[in-house]
Amino acid sequence: LYFLPCDGVVKATMSDNRRPRSLCGGYCVDGALRGAVVGLTWAAVHASYRFDCDPQLFDKRSFAKTLITYPLGCAAFIGMYQMLQCNFESSRGRVDWRNTACAGMLSGAIAGIPLAVKAREPLLVLALATAVAVITSGLEISK
């Protein structure tokens, strides 16, 4: 998709499957919104399951924290992944599994930093980066 000015009007024309770099911010917002929905759903299921097992554990603060942190984390991760994938596609000029692998590796590494610091285990960054890269490139290849 690229844009050609025709008589002062910008028209979109399909040339290949590349995403224009100017739209990468939009893909980031789209990914963040989708991630927020996924995170909110995950938080609702996880929190209700945890408190159903033992109702005495129910704490309003913990429940509210779960309903806020899960959507924010998923929104940040998926938004960042979408933006990186779009930038790789527009930079390389190709749409293939390498873009998703690189975007997944960087996203996984960035998401793994807080876990590695908290656990004091720097190899968690490498493990999470590798896992996300393998999963995302596998999904891209299976299309």
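This structure is a prediction, so every number in the text was calculated from the model and none was measured.

When its secondary structure is counted, the protein chain shows four helices and two strands. The 143 residues of the protein chain split such that 28% are buried. Considering only residue pairs separated by 6 or more positions, the protein chain has 56% of its internal contacts joining residues 24 or more positions apart. Taken as a whole, the protein chain presents about 9500 Å² of accessible surface, with 67% of it coming from carbon and sulfur.

Right, let's get into helix H2 (residues 60–92). With 33 residues, H2 ought to run about 48 Å at 1.5 Å a step, and its terminal C-alpha atoms sit 48 Å apart, in line with that. In the stretch just after H2, Gly 93 is the one whose phi turns positive, near 75°.

Contact geometry of helix H3 (residues 97–119) with helix H4 (residues 123–141) gives a least axis separation of 6 Å together with a crossing angle of 150°. As far as their axial angle goes, H4 and H3 are roughly antiparallel. When you trace H3 past H4, the crossing you get is right-handed.

Further remarks concern the packing of H2 against H3. How two helices sit against one another is set out by the angle between their axes and by the gap between those axes. Their axes nearest at 8 Å, the elements H2 and H3 cross at an angle of 145°. Like other packed secondary-structure pairs, H2 and H3 cross with a definite hand, here right-handed. Contacts between H2 and H3 involve Phe 77, Met 80, Tyr 81, Leu 84, Gln 85, Phe 88, Glu 89 and Arg 92 from the former and Arg 98, Asn 99, Thr 100, Cys 102, Ala 103, Gly 104, Leu 106, Ser 107, Gly 108, Ile 110 and Ala 111 from the latter. When its residues are assigned to classes, the contact of H2 with H3 shows 10 nonpolar, six polar and three charged.

Looking now at the layout of surface pockets. Quantified by volume, the largest pocket comes out at close to 250 Å³. Classifying every residue of the lining of the largest pocket by side-chain character gives six nonpolar, one polar and one charged.

The subject of this paragraph is unusual backbone geometry. Across the chain, the bulk of peptide bonds are trans and the bulk of non-glycine residues have phi less than zero. We note that Arg 120 has phi near 55°; this positive angle belongs to a residue other than glycine. The class for Arg 120 is exposed, based on a relative accessible area of 76%.

On to the environment of Asn 99, then. When you line up the elements, Asn 99 lands in helix H3. Separated by 41 residues in sequence, Asn 99 and Glu 140 have C-alpha atoms that sit 9.4 Å apart. Those residues in contact with Asn 99 that lie beyond four places of it in its chain are Phe 88, Glu 89, Arg 92 and Arg 94. A polar side-chain atom of Asn 99 sits 2.6 Å from the main-chain carbonyl oxygen of Arg 94.

Cut-offs and rules
- Residues numbered from 1 in each chain as written.
- Predicted model: local features only at pLDDT ≥ 70, side-chain atom pairs only at ≥ 80, totals over all residues.
- Heavy atoms only, no water.
- Helix = DSSP H or I, 4+ residues; strand = E, 2+ residues; numbered from the N terminus.
- Buried < 20%, exposed > 50% of the residue type's maximum accessible area, 1.4 Å probe, protein only.
- Contact = heavy atoms within 4.5 Å.
- Areas by Shrake-Rupley, 256 points an atom, 1.4 Å probe, with all protein chains shown as cover.
- Expected span 1.5 Å × (residues − 1).
- Axes fitted to C-alpha atoms, helices over the stretch in contact; angles between N-to-C directions.
- Parallel < 35°, antiparallel > 145°, perpendicular 65-115°, else oblique.
- Left-handed = near helix turned anticlockwise from the far one by under 90°.
- Nonpolar A, V, L, I, M, F, W, Y, C, P; charged D, E, K, R; others polar.
- 1 Å grid on protein atoms, 1.4 Å probe; cavity = no way out; pocket = protein on both sides within 12 Å on 5 of 7 lines; lining within 4 Å.
- Points joined across faces, edges and corners; volume = space filled by probe spheres on them.
- Polar contact = N/O pair within 3.5 Å; in protein donor to acceptor, adjacent residues only side chain to side chain.

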